[in-house]
Amino acid sequence: KVLDQNDPELFIKRYNDTMLVVFILSAAIGTVITIVILRTIRKSLNQLSDAASKLASGSVDIKLTKLRDDEFGKVIDDYQAVIDRMRYEVAAANELANGNMAVAVKTVSKEDAMGYALKTIAEKNSSSISNIKESAYQVSVSSSQVASASESLAQGSTEQASAIEQITASIS
């Protein structure tokens, strides 16, 4: 039946039915969108929580996955940058621990406390190694001088012994 604008009761009933359908569809779509957003938030938060637990236990072998390009995606990217920096610093510390005193530690800012600490350790260790090498060289030079003096002393002793022999032979 064609909507008769002269029948206000029918018009209001159909209007109410249409509004009910629109409301139900809107509520359903809103619920689906809310569920999708909440799942994304929950997955992102779980991922960040797991990463924090691993970092707290000393692990830096962590790779986060950004689920969306939104605020949580930015947080995931920033957190991954922190993890990557920690991984770099662990690698630098391992190089120092393994005796590579030539490792060049790069700092990322003036506030990079760990970076500056590692850089200072590397520089001081390198300076200490240079001092040890210089001391070893000086010991080597001094040892050569002592050896040369000992040879001269030994040669002088041999010459004196020969001279005493000659004197003894001439007296006899």
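Keep in mind that what you see is a predicted model, and the values were worked out from it rather than measured. (Residues numbered from 1 in each chain as written. Predicted model: local features only at pLDDT ≥ 70, side-chain atom pairs only at ≥ 80, totals over all residues. Heavy atoms only, no water.)

(A) The arrangement of the overall build of the protein in detail. Tallying secondary structure elements over the protein gives three helices and zero strands in all. Going from N to C terminus, the protein has its helices and strands arranged as α-α-α. The globule rule puts the C-alpha radius of gyration for 172 residues at 16 Å, and the 42 Å found for the protein is more than 25% above it. Reported as C-alpha extents along the three principal axes, the dimensions of the protein are approximately 165 × 25 × 20 Å. Looking at the protein as a whole, 14% of its 172 residues qualify as buried. The contacts in the protein between residues at least 6 apart in sequence include a share of 43% that link residues at least 24 apart. Approximately 13200 Å² of the protein is accessible, and the part contributed by carbon and sulfur atoms is 60%. (Helix = DSSP H or I, 4+ residues; strand = E, 2+ residues; numbered from the N terminus. Rg over C-alpha atoms; globule rule 2.2 N^0.38 Å. Buried < 20%, exposed > 50% of the residue type's maximum accessible area, 1.4 Å probe, protein only. Contact = heavy atoms within 4.5 Å. Areas by Shrake-Rupley, 256 points an atom, 1.4 Å probe, with all protein chains shown as cover.)

(B) Here's a closer look at the nonpolar core. Counting residues in hydrophobic clusters, the biggest one holds eight residues: Leu48, Ala51, Leu55, Val60, Ile62, Leu64, Ile76 and Ile83. Tallying contributions element by element places helix H1 (residues 8-56) first for this core, with three residues. Beyond its immediate sequence surroundings of up to four residues, Leu48 is in contact with Leu64, Val75, Ile76 and Tyr79. (Core = buried A, V, L, I, M, F, W, Y, C linked by side-chain atoms within 4.5 Å.)

(C) Representation of a nonpolar patch on the surface in the model. Together, Phe11, Ile12, Tyr15, Met19 and Val22 make up a nonpolar patch on the protein surface, roughly 470 Å² of accessible area in all. Looking at where Val22 falls in the secondary structure, it is placed in helix H1. (Patch = residues over 30% accessible without salt bridge, like charges linked within 9 Å, V, L, I, M, F, W, Y side chains within 5 Å. Salt bridge = Lys/Arg side-chain N within 4 Å of Asp/Glu carboxyl O.)

(D) Focus on the packing of helix H2 (residues 71-97) against helix H3 (residues 113-171). Packing of H2 against H3 leaves a shortest axis separation of 11 Å and a crossing angle of 15°. Taken as axis vectors, H2 and H3 run roughly parallel relative to one another. Two packed elements cross with a definite hand, and for H2 against H3 that hand is left-handed. On H3, the residues that touch Arg85, Glu89, Ala92, Ala93 and Leu96 of H2 are Met114, Gly115, Leu118, Ile121 and Ala122. Residues belonging to the contact of H2 with H3 are distributed by class as follows: seven nonpolar, one polar and two charged. (Axes fitted to C-alpha atoms, helices over the stretch in contact; angles between N-to-C directions. Parallel < 35°, antiparallel > 145°, perpendicular 65-115°, else oblique. Left-handed = near helix turned anticlockwise from the far one by under 90°. Nonpolar A, V, L, I, M, F, W, Y, C, P; charged D, E, K, R; others polar.)

(E) Just H2, in detail. With 27 residues, H2 should cover 39 Å at 1.5 Å per step; its first-to-last C-alpha distance of 39 Å lies within 8% of that length. Taken together, the buried positions of H2 are Gly73, Ile76, Gln80, Ile83, Arg85, Glu89, Ala92 and Leu96. At its buried positions, H2 is contacted by H1 and H3. Near the N-terminus of H2, the side chain that reaches the backbone nitrogen of Phe72, with its oxygen 3.1 Å away, is that of Asp70. Directly beyond the C-terminal end of H2, a positive phi value near 95° is found at Gly99. (Expected span 1.5 Å × (residues − 1). Polar contact = N/O pair within 3.5 Å; in protein donor to acceptor, adjacent residues only side chain to side chain.)

(F) The pattern of salt bridges, seen in detail. By the definition in use, this model includes eight salt bridges. Via salt bridges that share partners, Lys66, Asp69 and Asp77 belong to a single interconnected network.

Distances and angles like these do not, on their own, reveal function.
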